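# Report on the structure
The primary structure of each chain is shown beneath.
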Amino acid sequence: MTPFTMQERGFALGDSVIFWLLCFLSCIGGLWYSIIGSRRIGIMDLRGYLLGRSMSILPIAISLMASYLSAFTIVDAPSEIYNYGLQYWLVVFGILFSCIIVSLVYLPVYFTLSLSSSYEYLELRFNKHVRAVASILFLFDEVLFLPIVVFIPATALNQMTGYSVITTGAGMVLICGVYTALGGLRAVVWTDVAQMSIMLLSILLVALVGTIVVGGVVAVFEITSVSGRTDLSNWDIISFYKRETPWGALIGAMSYWTCFNSVNQTMVQRYIALNTIGKARVAIGIFGVGSIMTITLCVYCGLAAYATWVTTGCHPHAAPIVDDRLLPAFVTYMANRCGLPGLSGIFLAGLFGAGLSSLSVILNACVLVILEDLLHGWLQIRLTPFKEGLVVRAMTMVLAIFSLIMLVLVKELEGMLGVSTALSAITASITCGIFTLGLMCSWVGPRGAITGALAGAVVSFYFAVGSHVAKSMGLHELPIGVSMQCPNITSFQNIDVNLDPESIFPLLRISFQWVAPAGLLTTLIVGAIVGRSFDVQDKIVMDAELFSPVVWRFLPAKALADAGEVRLSRKSQSLIHSRFTPLTITPKNKVENNNRPSSNNNHN
């Protein structure tokens, strides 16, 4: 039996034909809408271009999946399972809980206020400076994530074919930048539908063929269970140092996915593209089920890859710790062994589709935040609709080009990929913390929000970067159960198995699963305390619609009595300025009312 070495590579003519055909089909919808559909939108219709109002539930739900399930997820999840077992799969329950939390806590406020941008809420609740801080954090987060979504599929193609990572990335950026810049959100959403369909097909085929190679589903679980990879029974262990634990996966995933799904503009932009909160909740439900199924398939591929390695002789080149090269190598191995020349092409097309989906989603959301939150909201700069239409399209292409520059840095600077991922988790957690303070704590004003965010950033940054420092010092968590089935694998290449973890400062050894919970919890605690102690309570805007319905019973009587004032003020401001821009205008938050105290977020 030919061993699985994880050194496999190769791309036949049939793979190339299928790959290019599927890539073309996945992009043709976006390109068509860019050329034909964009004529109906027009340069001056920024509402249709950036917000895509009144879209259907299913395409939005699929696009929500594309917003998160990037190529990084497809290749990272199998290697995590291969190394450390099935406990990572428990993140699916975190996804489920996060969808419930978003639907009940955050969505009602977004739809009641009819927001164009999620960060617009922060000006209504606090002031324009808090809004600007959150917007800049979002842009910082997404700029760091841009090269990741391009790097992973480009690296996989390089691994299989030898094609240049930079050349491949440039092609992705060019195609995606064109249809995103010309077609706007509708082009992005409809392209996401095609690309996600191809991605799901590719993962399903990999799981199916992997099962056949090993000898069936039962064989896969029997082989992996011997090493303890399917053990989910250690719920009594709450260790912040162990890489994977059930509680770490559940709490960490629930925190991160809630932070991402609740306030990130790439997600909120799709919620508000639907015209009712009921449709948005259905879309979130479909997104949750689809994401759980996709991650489960990726996890199963990791089990199948490990079972294949064991049954084919435990070749030392594939052990003990694998990385993102695992799944491309496994696909190539299965294609060669089973005589399926098109399998690698389908897999790579799915990987590229996932990368293009994430890239287009980020570009579209970043442009909206720059225009609506920074130019309109913070700097109070407004141009004519025609000029703004040209500016947003130009900004899309500039961001696309910048993603290529960042790709070069990621490729050349070792370790930057991991740092970018860690920083992304940091910004997500503290931004969510600011929103949650605003929605849940009526006594918190701008001082509490900003101070809490700074504290959360410090704590989460220390934990996230600390893990990379510990790794550079030689701390690695070894894969589980290798010696049980592969006794000849006794050495770990480039890993010091004799390093005592206790010799490294404890806070540097915190698992990555706890970065998001640490940042979120610190932001909430510090923000709540500082808000109670230092925010001027009489200057906090009291309008029940600015708070989540789950805390209405605890609000001051004035908040309930003045419910709706902010929304009515926004409508009047929007009518005044509607001839200057088609987007919802950010209010100046000046409400002159004898029954309402003056607010510190009035901007004249």
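Residues numbered from 1 in each chain as written. Predicted model: local features only at pLDDT ≥ 70, side-chain atom pairs only at ≥ 80, totals over all residues. Heavy atoms only, no water.

### Here's the deal with the overall build of the protein chain
Each helix and strand in the protein chain was counted, giving 21 helices and zero strands. The buried share of the protein chain, reckoned over its 604 residues, is 60%. Residue pairs at least 24 apart in sequence account for 86% of intrachain contacts in the protein chain once pairs closer than 6 positions are excluded. Working note: accessible area of the protein chain is about 22900 Å², and carbon and sulfur atoms make up 67% of it. (Helix = DSSP H or I, 4+ residues; strand = E, 2+ residues; numbered from the N terminus. Buried < 20%, exposed > 50% of the residue type's maximum accessible area, 1.4 Å probe, protein only. Contact = heavy atoms within 4.5 Å. Areas by Shrake-Rupley, 256 points an atom, 1.4 Å probe, with all protein chains shown as cover.)

### Concerning the packing of helix H5 (residues 91-113) against helix H10 (residues 246-263)
Contact geometry for H5 and H10: axes closest at 8 Å, N-to-C directions at 35 degrees. Read as a crossing pair, H5 and H10 show a hand that is right-handed. Here Val 91, Phe 93, Gly 94, Ile 95, Phe 97, Ser 98, Ile 101, Val 102, Tyr 106 and Tyr 110 of H5 come into contact with H10, specifically with Ala 249, Leu 250, Ala 253, Met 254, Trp 257, Thr 258, Asn 261, Ser 262 and Val 263. Looking at the contact of H5 with H10 residue by residue, the class counts come to 14 nonpolar, five polar and no charged. (Axes fitted to C-alpha atoms, helices over the stretch in contact; angles between N-to-C directions. Left-handed = near helix turned anticlockwise from the far one by under 90°. Nonpolar A, V, L, I, M, F, W, Y, C, P; charged D, E, K, R; others polar.)

### Structural notes on the packing of helix H8 (residues 165-214) against helix H14 (residues 343-378)
At a minimum axis separation of 5 Å, H8 and H14 run at an interaxial angle of 140 degrees. For the pair H8 and H14, the crossing hand works out as left-handed.

### A word on the environment of Ser 63
Locating Ser 63 in the fold gives a position in helix H3 (residues 57-68). Sequence-wise, Ser 63 and Arg 270 are 207 residues apart; in three dimensions their C-alpha atoms are separated by 7.7 Å. Not counting residues up to four positions away in its chain, the partners in contact with Ser 63 are Val 189, Asp 192 and Arg 270.

### Some words on the layout of surface pockets
The computed volume of the second largest pocket comes to approximately 260 Å³. Trp 20, Cys 23, Gly 171, Ile 175 and Phe 352 are, among the 16 residues lining the second largest pocket, the residues nearest its centre. Mapped onto the lining of the second largest pocket, the elements with two or more residues apiece are helix H1 (13-41), H8 and H14. No other element matches H1, which puts six residues into the lining of the second largest pocket. Looking at the lining of the second largest pocket residue by residue, the classes come out as twelve nonpolar, four polar and no charged. (1 Å grid on protein atoms, 1.4 Å probe; cavity = no way out; pocket = protein on both sides within 12 Å on 5 of 7 lines; lining within 4 Å. Points joined across faces, edges and corners; volume = space filled by probe spheres on them.)

### Considerations on the pattern of salt bridges
Per the counting criterion, the structure on display carries four salt bridges. Notably, a salt bridge pairs Arg 131 with Glu 123, separated by 2.8 Å at the nearest N-O pair. Under the relative-accessibility criterion, Glu 123 is labelled buried at 0%. A salt bridge links Arg 131 to Asp 373, with the shortest nitrogen-to-oxygen separation between them at 2.7 Å. Taken as a pair, Arg 131 in helix H7 (residues 128-161) and Asp 373 in helix H14 lie far apart in primary sequence, 242 residues in all. Looking at Arg 131, the relative accessible area reads 0%, which means it is buried. One connected set of salt bridges, linked through shared partners, spans Glu 123, Arg 131 and Asp 373. (Salt bridge = Lys/Arg side-chain N within 4 Å of Asp/Glu carboxyl O.)

### What to know about the confidence of the model for the protein chain
On average, residues of the protein chain score 81 in pLDDT, and 84% of them reach the 70 mark or higher. Mean pLDDT values for the elements of the protein chain range from 60 in helix H2 (residues 46-51) up to 93 in helix H19 (residues 515-534). (pLDDT = per-residue confidence, 0-100.)

### So, the side chain of Ser 117
Looking at the secondary structure, you find Ser 117 in the loop between H5 and helix H6 (120-125). The exposure class assigned to Ser 117 is buried, which follows from its relative accessible area of 0%. A polar side-chain atom of Ser 117 sits 3.2 Å from the main-chain amide nitrogen of Tyr 119. Beyond its immediate sequence surroundings of up to four residues, Ser 117 is in contact with Gln 265, Glu 372 and Asp 373. (Polar contact = N/O pair within 3.5 Å; in protein donor to acceptor, adjacent residues only side chain to side chain.)

### Some words on empty space enclosed by the protein
Under the definition given, this model contains two cavities of 30 Å³ or more. Mapped onto the lining of the largest cavity, the elements with two or more residues apiece are H7, H10 and helix H16 (416-440). Among the elements that line the lining of the largest cavity, the one with the most residues is H7, at four residues.

### Considering unusual backbone geometry
Its identity as a non-glycine residue notwithstanding, Ser 114 has a phi of 55 degrees, on the positive side. Relative to the assigned elements, Ser 114 resides in the loop between H5 and H6. By relative accessible area, Ser 114 is classed as partly exposed at 45%.

### Some words on helix H9 (residues 217-226)
Residue pairs spaced three or four apart in an α-helix point in one direction, given the helix's 3.6 residues per turn. Turning to H9, its buried residues are Ala 219, Val 220, Ile 223 and Thr 224. End-on view of H9: buried residues confined to an arc of 120 degrees, all on one side of the axis. Check the buried side of H9 and you find it contacts H8, helix H12 (277-311) and helix H18 (482-485). Of the residues flanking the end of H9, it is Gly 228, one or two places downstream, whose phi is positive at about 85 degrees. (Arc of directions from axis to C-beta.)

### Topic: the state of the cysteines
For the structure on display, the rule yields one disulfide. The disulfide partner of Cys 314 is Cys 486, and the gap between their sulfur atoms is 1.9 Å. Taking the sign of the torsion about the S-S bond as the criterion, the disulfide between Cys 314 and Cys 486, at about -60 degrees, is left-handed. With Cys 314 in the loop between H12 and helix H13 (326-338) and Cys 486 in the loop between H18 and H19, this residue pair connects regions lying 172 residues apart in the sequence. Assigned by exposure class, Cys 314 and Cys 486 land together as buried. The cysteine Cys 301 is free of any disulfide, with Cys 298 supplying the nearest cysteine sulfur at 6.2 Å. (Disulfide = S-S within 2.5 Å.)

### Some words on H7
Between its first and last C-alpha, H7 extends 50 Å over 34 residues, near the 50 Å set by a 1.5 Å rise per residue. When the local axis directions of H7 are compared, the greatest deviation, roughly 25 degrees, occurs at Phe 151, which is followed within four positions by the proline Pro 153. Burial analysis of H7 places 27 of its 34 residues in the buried class, which makes it a mostly covered element. Gly 162, located one to two residues past H7, shows a positive phi value of around 90 degrees. (Expected span 1.5 Å × (residues − 1). Bend = angle between axes of the 7 residues up to and from the residue.)

### Considerations on the nonpolar core
Counting 180 residues, the largest nonpolar core has Tyr 121, Leu 122, Tyr 271, Trp 309, Met 334 and Leu 348 as its most contacted members. Ranked by residues supplied to this core, first place goes to H14 with 19 residues. Tyr 121 has contacts with Val 109, Leu 113, Leu 115, Phe 435, Gly 438, Leu 439 and Leu 546, leaving out every residue within four places of it along the chain. (Core = buried A, V, L, I, M, F, W, Y, C linked by side-chain atoms within 4.5 Å.)

### What about the environment of Glu 388?
Looking at where Glu 388 falls in the secondary structure, it is placed in helix H15 (residues 385-412). With 17 residues separating them in the primary sequence, Glu 388 and Leu 371 have C-alpha atoms 8.3 Å apart.

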